[in-house]
Amino acid sequence: GVYDPGLDARAQQQMQLVEDLHRLLAPGSPSAEELQVYFQPQVSLGTNTVIGAEALVRWHHPRLGVVEPLRFIDLVEQNGLMSRLTARVVHEAVAQCLRWQRAGHDLRVSVNLSAGCLVQPDLLEVLDDVLAGELPPQRMVLEMTETSLMLDPEVSMRTMRAIADRGFAISIDDYGTGYSSLSYLNDLPACELKIDRSFVRRLLDDERTRDIVIGTIELAHRLGMRIVAEGVEDQDTLQALHEIGCDEAQGYLHSRPLPLEQFAAWLERRTTG
Ligand code: C2E
Ligand code: CA
Ligand code: CA
Ligand code: CA
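Summarised in this report is the structure supplied together with it. If you're wondering where the values come from, they're calculated on a predicted model, not measured in any experiment. (Residues numbered from 1 in each chain as written. Chains lettered and ligands numbered in written order. Predicted model: local features only at pLDDT ≥ 70, side-chain atom pairs only at ≥ 80, totals over all residues. Heavy atoms only, no water.)

## Considering the overall build of the chain
So, step 1. Of the regular secondary structure elements, the chain holds 10 helices and 10 strands.
So, step 2. Rg of the C-alpha trace for the chain: 19 Å, near the compact-globule value of 19 Å for 273 residues, within the 12% margin.
So, step 3. For the chain, the spread of C-alpha atoms along the principal axes amounts to about 55 × 45 × 40 Å.
So, step 4. Counting every position in the chain, which comprises 273 residues, the buried fraction comes to 48%.
So, step 5. For the chain, the proportion of contacts with a sequence separation of at least 24, taken over those separated by at least 6, is 66%.
So, step 6. Carbon together with sulfur atoms contributes 50% to the accessible area of the chain, which is approximately 13500 Å² in total.
So, step 7. In the chain, 25 side chains carry a positive charge and 41 a negative one; their mean positions are 2 Å apart. (Helix = DSSP H or I, 4+ residues; strand = E, 2+ residues; numbered from the N terminus. Rg over C-alpha atoms; globule rule 2.2 N^0.38 Å. Buried < 20%, exposed > 50% of the residue type's maximum accessible area, 1.4 Å probe, protein only. Contact = heavy atoms within 4.5 Å. Areas by Shrake-Rupley, 256 points an atom, 1.4 Å probe, with all protein chains shown as cover. Lys, Arg positive; Asp, Glu negative; His and termini not counted. Charge placed at Lys NZ, Arg CZ, Asp CG, Glu CD.)

Quick look at the structure:
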């Protein structure tokens, strides 16, 4: 480790995290237990059945315990390690989705893409590996935000088209939080739109928010997209979303993101009643 008494504790810890990430994500490093992929279910509001799950990475650090993605995703990106992290998450997402399928659950699986991913050729290689496997590409959803397209809009858009041409599904994540531009909705080959939690949270208390959500749902439906509400924590919000035509919900109300085994068990319990 590097020790510089001049650095404060936080900077010191960031440096340690970067060093750990290089070790964890080094080529050929054994897929360490430290980095785990959790899954959170997505439930249809019409049928109340589980139809998908989002892969969310967790870092079980030997000394710091569970490190949330918001604390290390930027470090991964800044240190040029994102392609490798994404490759791992994609690999695990595919493996689990096939496992659920073998257990009789035909779910989709969603993976988050960062801004950096969209401008690097590695991503398409990883996706070509998926195509060579058993999972039909339309069962894999790739989520990206409007802001992640802004790093290099032209190249990112080309990557998105290449992804769609391969048959994968594309989702616009955190919708409404960036400088949402209607031209993205027009240009992106997306089939899903995720309404950000900040809108979902205010849905019942704020009439303007409710009107924005209603308008967004109508617009997305006209464009042939399905709508997933993020961060649904209570039954009243779920009911309101259903009434205004939202298609699916994801949030703590149904389940927190769960480790592999717990997710598989949750799925069994939920479907056998
Ligand atoms: P996101 O893609 O918007 O993921 C949704 C976040 O909301 C997750 O946080 C999830 O745990 C949390 N969440 C879900 N339901 C609820 C709810 O009902 N209430 C509340 N308060 N929160 C809820 P998480 O797992 O901490 O991930 C944070 C962000 O880190 C993600 O936001 C995503 O942008 C990023 N991230 C996570 N995994 C990956 C990954 O594998 N690759 C990349 N590039 N980014 C990732
Ligand atoms: Ca997401
Ligand atoms: Ca989101
Ligand atoms: Ca978010």
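## Focus: the coordination of the calcium ion (ligand 3)
So, step 1. Note on the calcium ion (ligand 3): its protein donors are Asp173 (OD), Asp174 (OD), Glu230 (OE) and Glu230 (OE). The metal-donor distances range over 1.9 to 2.7 Å.
So, step 2. Sequence positions of the residues that donate to the calcium ion (ligand 3) give the spacing D-D-x55-E.
So, step 3. On the basis of relative accessible area, Asp174 is assigned to the partly exposed category, the value being 25%. (Donors = N, O, S within 2.8 Å, 3.2 Å for Na, K, Ca; no water.)

## Looking at the nonpolar core
So, step 1. Core analysis: the largest hydrophobic core is formed by 79 residues, its most contacted members being Phe39, Trp100, Met140, Ile163, Leu188 and Phe263.
So, step 2. No other element matches helix H3 (residues 82-102), which puts nine residues into this core.
So, step 3. Dropping the residues within four chain positions of it, Leu188 is found in contact with Met144, Leu149, Met157, Met160 and Ile172. (Core = buried A, V, L, I, M, F, W, Y, C linked by side-chain atoms within 4.5 Å.)

## Quick notes on the site of ligand 1
So, step 1. Every one of the 23 residues lining ligand 1 counts as a neighbour, but Gln40, Arg58, Asn112, Glu233 and Tyr252 are closest to it.
So, step 2. Here a nitrogen atom of ligand 1 and a backbone polar atom of Val57 are 3.2 Å apart.
So, step 3. Contact between ligand 1 and Arg58: an oxygen atom at 2.9 Å from a side-chain N or O atom of the residue.
So, step 4. With four residues, the single largest contributor to the shell around ligand 1 is strand S2 (residues 50-61).
So, step 5. Taken together, the residues of the shell around ligand 1 break down into 10 nonpolar, five polar and eight charged. (Near = heavy atom within 4 Å. Polar contact = N/O pair within 3.5 Å; in protein donor to acceptor, adjacent residues only side chain to side chain. Nonpolar A, V, L, I, M, F, W, Y, C, P; charged D, E, K, R; others polar.)

## Regarding a nonpolar patch on the surface
So, step 1. Together, Leu182, Leu219 and Leu223 make up a nonpolar patch on the protein surface, roughly 270 Å² of accessible area in all.
So, step 2. Positionally, Leu182 belongs in helix H6 (residues 182-187).
So, step 3. A relative accessible area of 59% places Leu182 in the exposed class. (Patch = residues over 30% accessible without salt bridge, like charges linked within 9 Å, V, L, I, M, F, W, Y side chains within 5 Å. Salt bridge = Lys/Arg side-chain N within 4 Å of Asp/Glu carboxyl O.)

## Some details on the side chain of Arg139
So, step 1. The residue Arg139 is located in the loop between helix H4 (122-132) and strand S5 (140-145) in this model.
So, step 2. Buried charged residue Arg139 carries no salt bridge. Nearest counter-charge: Asp106, at 4.0 Å.
So, step 3. A distance of 2.9 Å separates a polar atom in the side chain of Arg139 from a polar atom in the side chain of Gln101.
So, step 4. Only 2.8 Å separates the side chain of Arg139 from the backbone oxygen of Leu107, close enough to count as a polar contact.
So, step 5. Contact partners of Arg139, with chain neighbours within four places excluded, come to Cys97, Gln101, His105, Asp106, Leu107, Arg108 and Val109.

## Points about unusual backbone geometry
So, step 1. For Asn48, which is not a glycine, the phi torsion comes out positive at approximately 60°.
So, step 2. Position of Asn48 among the secondary structure elements: in the loop between strand S1 (35-44) and S2.
So, step 3. Relative accessible area serves as the criterion here: at 48%, Asn48 is assigned to the partly exposed category.
So, step 4. Notably, Asp174 is not glycine yet its phi reads approximately 55°, a positive angle.
So, step 5. Following the sequence through the fold, Asp174 ends up in strand S6 (residues 169-175).

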